Structure formats: C-alpha cells, structure tokens
Amino acid sequence: MLTKFETKSNRVKGLSFHSKRPWILASLHSGVIQLWDYRMGTLIDRFDEHDGPVRGVHFHKSQPLFVSGGDDYKIKVWNYKLHRCLFTLLGHLDYIRTVQFHHEYPWIVSASDDQTIRIWNWQSRTCISVLTGHNHYVMCASFHPKEDLVVSASLDQTVRVWDIGALRKKTVSPADDILRLSQMNTDFFGGVDAVVKYVLEGHDRGVNWASFHPNLPLIVSGADDRQVKIWRMNDTKAWEVDTLRGHMNNVSCVLFHTRQDIIVSNSEDKSIRVWDATKRTGLQTFRREHDRFWILAAHPEMNLLAAGHDSGMIVFKLERERPAYSVSGDSLFYVKDRFLRAFEYSSQKDTQLIPIRRPGSNSLNQGPRTLSYSPTENAVLICSGVDGGSYELSSFLKIAMGEATPFKTQKEVLEGQQFCLRNRFAVLEKSTNQVLVKNLKNEIVKKGALPIATDAIFYAGTGNLLCRSEDRVVIFDLQQRIVLGDLQTSFVRYVLVHRCTLHETIRVKSGAWDDNGVFIYTTLTHIKYCLPNGDSGIIKTLDVPVYITKIYGSTIFCLDRDGKNRPIIIDSTEYVFKLSLLRKRYDQVMSMIKNSELCGQAMIAYLQQKGFPQVALYFVKDERTRFNLALESGNIEKALESAKKIDEKDYWYRLGVEALRQGNAGIVEYAYQKTKNFERLSFHYLITGNLDKLSKMMKIAEVKNDVMGQFHDALYLGDVRERVKILENAGHLPLAYITASVHGLTDIAERLAAELGDNVPSLPEEKKASLLIPPSPVLCAGDWPLLMVSKGIFEGGLDDTGRGAEEDYEEAADADWGEALDIGEVDNIQNGDISMVLDEVDVHEENDEEGGWDLEDLDLPPDAETPTTASNARSSVFAAPTPGMPVSQIWVQRSSLAAEHAAAGNFDTAMRLLSRQLGIKNFSPLKSQFIDLHLGSHTYLHAFTSAPVISVAVERGWSESASPNVRGPPALIFNFSQLEERLKAGYKATTAGKLSEALRHFLAILHTIPLIVVETRREVDEVKELIVIVKEYVLGLQMELKRRELKDDPVRQQDLAAYFTHCNLQLPHMRLALSNAMTVCYNAQNMSTAANFARRLLETNPSNETQARRARQVLQAAERNMKDATQLNYDFRNPFVVCGATYVPIYRGQKDVTCPYCSTHYVPSQQGEVCTVCDLSVIGSDASGLLCSPSQIR
C-alpha cells in the first residue's frame, strides 16, 4: 500500500472522491463533513448542519454539488462553491445509511434503517420512487454505472437488485399516449416504476455492503458472516459464483477496483484485504493496530482508494504507476504489459523487443521498478520487488527480435542494480553493505564495501556509483575505492546532475535537461522549469502525471502511467528569455522583446526583482506601471511622457523628486509648475539663481494674497523695500521701521516713526548691521553636468520614439513647457482684477518669452548616437513640435471593448476581441456597423485648398473643463435606447403579421449588441436579457416563415407550428402562435394536439373574443374524437428546446451544444457551424462572454 494522505479525526463513516479535482469528502460520526485536498494535505472546508452522525456522502459528477445523509433522517444537498446547504429532502423515518447521485439523471438514491430505498429528483426536490421489500435495515444502495439497476444490501441477509427502467422511461423519455395511460393507472393503483429483479440469498448474517462491477455483470457483497461473496447475473437470473474467506470480523465495505481485476474489502477486524477477482484468492492484507475500518471509496478516474476508520481516513494506492524506463541516445527502452519495448525519438517508431518473465508470487507491487541499459552489449537489467528484490538480465542481438536470459538472486541479496562499465553491472547486497560487480554471465567479478550505509545505488558515469542513504548521497569510484563527492540531502528517488536546490510543495515526478541547460521537471499537476540560478516557473498544467524522458527543442517526450509515449509541445519563450538575461545575452533578449508576446505582471515583477526595470518598461502599456518602472530605472524622459498622460498631482510630485535627485532643473521646474507648489518653486529658483522668475513668483504670491510666500520671495531676492512694504501692509509697523532703519532707508523710516509716535522701537547700540542677501549659486539655471556614458543596449535598440535622448530633452523644453504656469490660472484671486496685476508685471516680457517663462535649453552633453539628419534639420528659428500619439491609438490601448476598437478604425483587433468574447466568426453582417462606428466617432474639417481634410476624433462625454491631456473614450453612434425602439418596431411588425420585416428588426438588434457600450452593471444585465428576448423571436419567426414555405408536407407544418408555441414570446404574440398551431392541427385532423393548443390558448384569457370562441369550438369537437390522424415529432409534456438549425426538439437530458453569443441550442452534429439564429458565432466554441461596459473590466 502506498499511502498518499492521512487524517486524524472522529470516526469516518462516509467518503467520496471528486471526479476532477484532488478533493475528498469525509463524513464523520460527530456530524461534521470535511472537504480535504489530499494532494496538498489541507482542509478546504467543513460543513456541520447535520444533527448526529453523517453516514453517507457523495459528490456530483459535473455540478458543484454534494449530497449527505445522516442520523437526523435528513438528506441535504450542498453547493461547495457557495459553502452552504441548498435544500433538505425529508421522507425517511430512520437513520440514512448511504446516498448517491445518479451519473446521468438528476436523481439521488438513499438507503435507510426504515427498511426502504428512496429515489429523489434533486432538481424538482421530490421523492419519485420508494423501493420497499427489505424487512430489516437497508445498509447501502447504489446505482449501476451504466444500466437502469440499483443494488441494495440489508441486515435481512439478502442483496436485492432492482430494475428502474420503467422509472427512467416515465420521467425522462418522450412517451406515447398508450404508455402515458398505463403510467396514469400505475400512479393511481400503486407504482411499478421500480421492481425487484433478483434477490440474492447466501449470506448467513446481515449484509453490510453490495456493489456492482464497473463493466462486467458481477456484484460483490460483504456481510456480518465475515465473508465476501461474488455474484454473477444475466437477463433472467443471478447466482453465487464464489466466496472469499479471510476476514476475522464483520465485513463493512467491499468494492471492485475501477482499473485492476481485484476486489478490495475492509472490516471491523482492523484490516483492508485485496483479492484477485479472477483467481479469487487473497493478494495482500493491510492492518491497523487499533482502528476498525468502516467505509471504502474508489476514485472514478484515477488509481486511488480511500478507507475510513475509527480515528480518521487514509488515501492510498495499491501499486506504483511509474513505468520502468531508460534513455540511451535516440532510443527509449521501457516496460509495458510484460514486454520490453523500444521507442525511437527521431522516427517516433515503437517496437516490441522481448517478453519479461512473470513474477512468481501473486502479491502486489511486483512489477518492474527500474531499468538499466548497456548500449554496447544491447543488454538490459530489469529490477522488480519480487521476493524482496530481484533482477532480470536480458540481452538481445537485434532490435526486432532477441533472446532473453533471466537470472534471479537470493531473496535477501538484492536491492538495486545498475550498469557501471561497458559489460559489467553492479548489484547492491544490503545485508553486508557491499557492492558486487558482475559480468553478463551473472558471475561475480569483484566485491567491495561501500563508504556509507547504502539503501540504493545509481549510475554516476563510467566506473562510478552514486550511493544513497537516508540523509546524504555520495559518488563512489569502484576502481580506486574513494569518495569523489558528498551531498547532504533528504531522501533521493531519481538522479540527475545537481546545480541548485529548489523546494516544491508537491511531489516531483520526473525531470530532464533541455538543450539550453534548463532543468524541466514534472510534478503531479504541472510541467515546470528551473534555471541554473534556482529561478523556477510553470510551463504547462497537466491533467494527469507524466514522466519526462527526453527534450528536443520545444518538444517534451514523456511516458504516461499507461506506458504510452506522448510528445508535448511547450512554449519555451519565458524561460529562454530569463536564461538570456541571466547569461547577459542581451542581443537575444532584444530580439525576443521585439518578436514575441512576452507580457504579464509576473514577467514585469521578475524583471524588477532581477534589476532590469528598463527592460520591463518595454512590455508595459499601463501608464502608471510605466511611470513607476521609468523612475526605478532612472529614465526621466519616459517618466515625463507617462506623467503627462496620467496628469495627476501625486505623479508630478514624484517626478519632481526624482528629477531633483538627478539634477534636471528643467523637469523639476515643470513638475512644480504642474502641482502649483509655489513654495518649492520659489526655493528652486533661488538655488538655481533664476532671479527674474523669483521676482515673478513674488508677484504671484501677492496676487494669491499669500503674505508669507511674498515675504519669503522678498527675502530670497534681498529686496529690502519690498520687505518693508509687506510688513507695513500686514500691520507690523515696528518691524517695518526697524527693517528700514537698519538698511538705511531714512525717508521711509521717518515716515513710519511719525506714524508710530511714542511707540518707536529703539535699536541696540554698538551693533553693526549687515544686509541679509542669499549667496549667488555656483551654477545658474542649468542642469547638473552629466558624465558621458554609452547608451545601454535596451535604450538604443528598443526606444519606441526612435530619437536620441538629447532631442527628447530639447523637444520637451521647446514645445510644451512654457504654458503651464499661466498666471491667469491662479485661483483664489483677492486683490482685484488679474489684468491689473499683469499690467504691473512687465507684459512685454511675457510676449517676448515662451508662454511667460524664459526656459533655457537643457544643458546636455552631445550624444554620439544622435542621428545627424535630425540635428541638421533643426532650425535655429523654429522647431516643429513632434506629433503626439493619435487619439484613436489611445482608445485602442486603453480599451478591451470591441466597439471602441472599431470606432478607432482598428477593425482587426475589434474582430479578434469579438471572436474571443463571443466566438464570432462570420463578420460580414457587422461590416456596415463597423464602418458606421468609425465614421460616427470622427468629424472632418476643411483645411487649405490644397491640404488634405483634417480628421478629428469625437470623444464621449467631452466638456470644456476637462484637462486637454486626458483623453475620453470615443463617441459611439449606437446606444441602448435605439435598440429598445427597434424592439418595439419588431413587436409591432409581428403583431401586424409582417414577419419578414419583424425578423429584419430583430436580426438588426442581434447584429448591433456586440458593438454597444453601456455604463452600469444594471444596463449590462438589460443588454444580456435583450439578447435572450430577441433570440426567441428570431428562432420562432424563422420556423414560422419556413412553415409557410412548406406547402406539401402537412406533418412538418404541424411540427413547426407546435414548436413556435414553445418560444418565449410576448403574451399577444403567444396567443397568435397558439391560435395558428391550433388551426393547422385541427385542419389536419390531429384533434388531441389541437385540443392541447386550445386549452393553452384559453389559459391565457384571450381578450379577443373570436380567438376564445374558436378555441372552445375546437375543444368541443376534439372531445368527440380525441385522436391524432398523424404522429408528430412533438411531446408537450416533456420539456424541450428547439434546435436552431434542424428545427427538431432536444428533450431534457439529451446532449446539445449552444451558440456562445445568443445561447441558441443545437443538436451535437451542428458543432463548428455558424449559428443560424444570430448568423455570427460558431456553435459550441469557447468564448469568455459579452463585454459591453467599462464597469465589467473595473
């Protein structure tokens, strides 16, 4: 037994595996139900609404549901995604022993101590059948995996098999009238929908468990008489085949293994026993010391079993599933189905070589474990666990056919074997801790003691062995008898070359090196990679574990657990990119950035972590992330670009801090202007010596009535008269007097002394005054000098602007900097009209300068890589601003909505989005909408006579107050209110009988909805609801128009008229459809069907008296002759949907496929065709769903 997972808890009475996820449910005697992840060994959830022990639990095959039954007489159906009980089924009068979902129908079977078995419909939440017949507690009941049978076991010493075929026909299949009549009779006079087919008597005590074989007509049962019995059945009878004896106490559970020909049983004698189902002999017994076993469960698809006992449960496997294999050159040698096989990678040819001897004993885990191959001698060593360990040495002369010479050692000798030389192999003798070197005749050539207590040996190069102990491995040279290498490590299973250490939470299954020296390995769930420095990541997710044998480029060859060779194509871009970065192969990195689709937060985080933020910059479209990466990599120009697009105060502030750190005075000034941080700006002008702008800052402070700021600016400038004036205006006359006196302004001092009168302050004697003027800065109004450095490979090769850094600087300085601090923008003006202030400030200076600020060119050194053409073309008089990003390009970058891509003119990305979101393949109906959207979101202005027309993008929700740097989404010509008007027009045309016109209206709605954009979640729901409404009308109208074309097929006409009445229409239209179907069927003498439509019509209370009168007349006529002249393909009692292409009913329970856009149902044969209702999407294709609002993305 290979234990995979074990829990400690209260007594486990019920177990169930999930069919797809690595989950198991355990119901406990304490009333709690636990949900475990057995692969990770974690408790995911617990459910504890039952009062008392829960004895039965079962997962649904496909829905997120499970069912439980307990001693509180309640059956509860739970949704594990919602973490709650959905509903409770009441009806049993005693403890419930087992519950099980049907694999196909919405049924649950339950067995109870009230001596009954009940079958429930969990969709309608009703009991649909009660199976009575047992006269003691019913201990278990389960459905047959394929047929309409139920098996039950009871303490009345019998096993019963019940036929529920009639129940299936009654509740699932469309039945004819005669069968309906017989069903009505049986419902009145006691149902016979489930009958006993066989009663199996043979046990001497109460039977605890019975279960079906998954494929063969066999039943196995276990009872309190300590016996396991096998029964066979045919169409008419069932009989006992054999009895398995060995358990020492009551057998609590028994079942057939799903994949192997064995029976597993457990018992209150604290053991699990495994039996050979064909030879009917015991294979193996697993015992616990103190815990009785109560329940067994088998995984529906994997080779896993679980057993519940008194103190928890165990999940286990009976045998190893790893195939024995060895790779040599271009060939793989492996064992499958008792044969040695060879697989050539180049030709992918698989050859059967020689048979392998069967093991002598019957016990489990005796198959081949390891395989070692000697290419020079064409010999293989196959090691298995038979008799504690043995090997088989086989040689073959030709690949196609060969001879095998098996040898076997004593039981205690062997634990491992490997070829160590060209024609020698090593055998580990554990008892003496020696290695025996043998030749191909199985003769001992050499003996030698091993340096550590070894429990396994591996090949480690010619003449060397790798010896494994519990906590370390050593490389041992057989010739010189010395240790070549030593490594402290936990238990090693399989060996490759060690480069670094990586920790995995899930078991590592296999691995191999690829051509680049990257280690590719598999776990239970993933194919992963590990770089030489220890970085790792996921390449691909696996459904089932595989074992990697060889890697060629992007193809991984592996063996699965069935011994099949599988090539798996992988995308190696991510790890090759990381490896190139690691090895500093920057040319390769550049080509990959330009040519591949590398993206994602994980890749950006990796590049940041490894110190390559400048590389990450070229992956990112989001401006905020770009800004952060640009700051981190010190790329101030890129940060400036992003800050302009974001245009938020916090980002300008951070840009200013970084620019100050780099000494870029121009960008610091621009950033402080954008944040209107006047204090910092003034101090910046002070330290850069820009006194003209500092004096303007003083004027601005005066306009803003910022007295403290104005005083600071006067201090910075050393303007004494201004300081005195500010102090006087602020009412600080003594301070103003002292300032004027100290600085020699006698006329002002005398005037202020006259105002102060007796309060003139006295100046200290014998103190020499000095003028307070800041020192002049060393470097005035320029950037800090920069070192000449060569441009990095990423900046030079990948810069999307394609210009040198110097041009960027100058362009930024010339084009867009001067206008930011327009004095007219200053808020909270309190000192009168701004124009007066502007008159006081030298207005002519502003007109001469660029937007009011005399910005000097950024003082950058000449750059060797700046293109000469660009510098020559630059005029000393005028520099044309470089064009910014077109608005349409901004729309495309910011949006995932197809309508906005179409409006921008990017039809190909719009079509890709619609294909991904709605599975749309046929775009011809959308062509006019695409063109209208693009033209409608742009307006066109005439320029000069000879110049081309100027295209201007029209933005949605534009206002004059909006920032010019922030672009809104495109204005769209389609809106939801237009669709509502169109819907009303369609309804009106339908009422008037203009069906072709109505169909045109409804199809136009379906063709417009993919290109609609709404704002709120509520509107999104309304759009989705509109799709469903319109789809019903399109389908119904198409069927009605088809019916009118069929003149000479009255049966098909009636079918189509009947199906039309099952479309979800508005009430007036439903009455018209019912009236139409009633007339068609009545004229064809199908009285019973016509009467059904008449009844449905009267149930709608028609306001039109003519309709009501005709319906009553049809009913009267039908009562005299309630028969149908022709048989229709229509059963109104059984719920159905209509196939949109073939117009045939698809009844509930039958397989179907749907259109991912309009959700119309189709028969499976239509998969891959274009939907006939919406005429856009591919039926049955994968799609993420309608995206029509920014709120869905947020």
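Shown above is the structure to which this text applies.
Note that the coordinates shown come from a computational prediction; the quantities given were computed from them, not determined experimentally. Counting of residues starts from 1 at the beginning of each chain's written sequence and follows it residue by residue. Local features are withheld for residues below a pLDDT of 70 in this predicted model, meaning they are given only at 70 or higher, and side-chain atom pairs are given and counted only at 80 or more; totals for whole chains, interfaces and linings count all residues. By convention in this description, side-chain values take in all heavy atoms of the structure and omit both hydrogens and water.

Draft legend 1. Structural view of the packing of aromatic side chains. When the centres of two rings from Phe, Tyr and Trp lie within 6.5 Å, Trp using its six-membered ring, the rings pair. Their planes under 30 degrees apart give stacked, over 60 give edge-to-face, and anything left gives tilted. As enumerated under the stated definition, the model contains 31 aromatic pairs in all. Relative to F519, the ring of W513 lies with its centre 5.0 Å away and its plane at 50°, an arrangement referred to as tilted. Relative to Y670, the ring of W652 has its centre 5.4 Å away and its plane inclined at 80°; by these criteria the two rings are edge-to-face. One end of the pair, W652, is in helix 9 (residues 649-662); the other, Y670, is in helix 10 (residues 665-675), and 18 residues separate them in sequence. What makes W652 buried here is its relative accessible area of 2%. Through pairs of rings, three or more aromatic residues link up here, namely W23, F47, F59, F66, W78 and Y80. Look at NZ for Lys and CZ for Arg. If either is within 6 Å of the ring centre and within 35 degrees of the ring normal, a charge sits over the ring. Over the aromatic face of W294 sits the side chain of K13, whose NZ or CZ is 3.9 Å from the ring centroid. The lysine or arginine in question, K237, covers the ring of W239, its NZ or CZ lying 5.5 Å from the ring centre. We count a stretch as a helix when DSSP gives it H or I for four or more residues in a row; a strand needs E for two or more, and each element gets its number in order from the N terminus. The buried label applies to any residue whose accessible area, calculated with a 1.4 Å probe on protein chains only, is under 20% of its type's maximum; exposed applies above 50%, and partly exposed to all values in between.

Draft legend 2. Highlighting the sheet that holds strand 44 (residues 508-513). Read from one edge to the other, the open sheet built from four strands follows the order 44-45-46-47, with strand pairing classed as antiparallel. Every other strand in the sheet has two partners, leaving strand 44 and strand 47 (536-541) as the edge strands with one partner each. For this sheet the average axis-to-axis angle between neighbouring strands, irrespective of direction, equals 25°. In short, DSSP must find at least two bridges between two strands for them to pair. Pairing geometry for strand 44 and strand 45 (residues 519-523), over five bridges, is antiparallel. Its bridge partner lying in strand 45, W513 is registered against F519. We call two residues in contact whenever any of their non-hydrogen atoms come within 4.5 Å of each other. Fitting a line to C-alpha atoms yields each axis, with helices limited to the stretch in contact; the angle taken between N-to-C directions then spans 0 to 180 degrees. Relative to strand 46 (residues 526-530), helix 3 (residues 573-582) is tilted by about 10°, and along the sheet it contacts strand 45, strand 46 and strand 47.

Draft legend 3. The pattern of salt bridges, seen in detail. Here a salt bridge means any side-chain nitrogen of Lys or Arg lying within 4 Å of a carboxyl oxygen belonging to Asp or Glu. Going through the model one piece at a time under the given rule, you end up with 27 salt bridges. A salt bridge links R288 to E6; its shortest N-O distance comes to 3.2 Å. Of the two residues, R288 sits in the loop between strand 25 (281-287) and strand 26 (293-298) while E6 sits in strand 1 (residues 2-8), which places them 282 residues apart along the sequence. On the basis of relative accessible area, E6 is assigned to the partly exposed category, the value being 38%.

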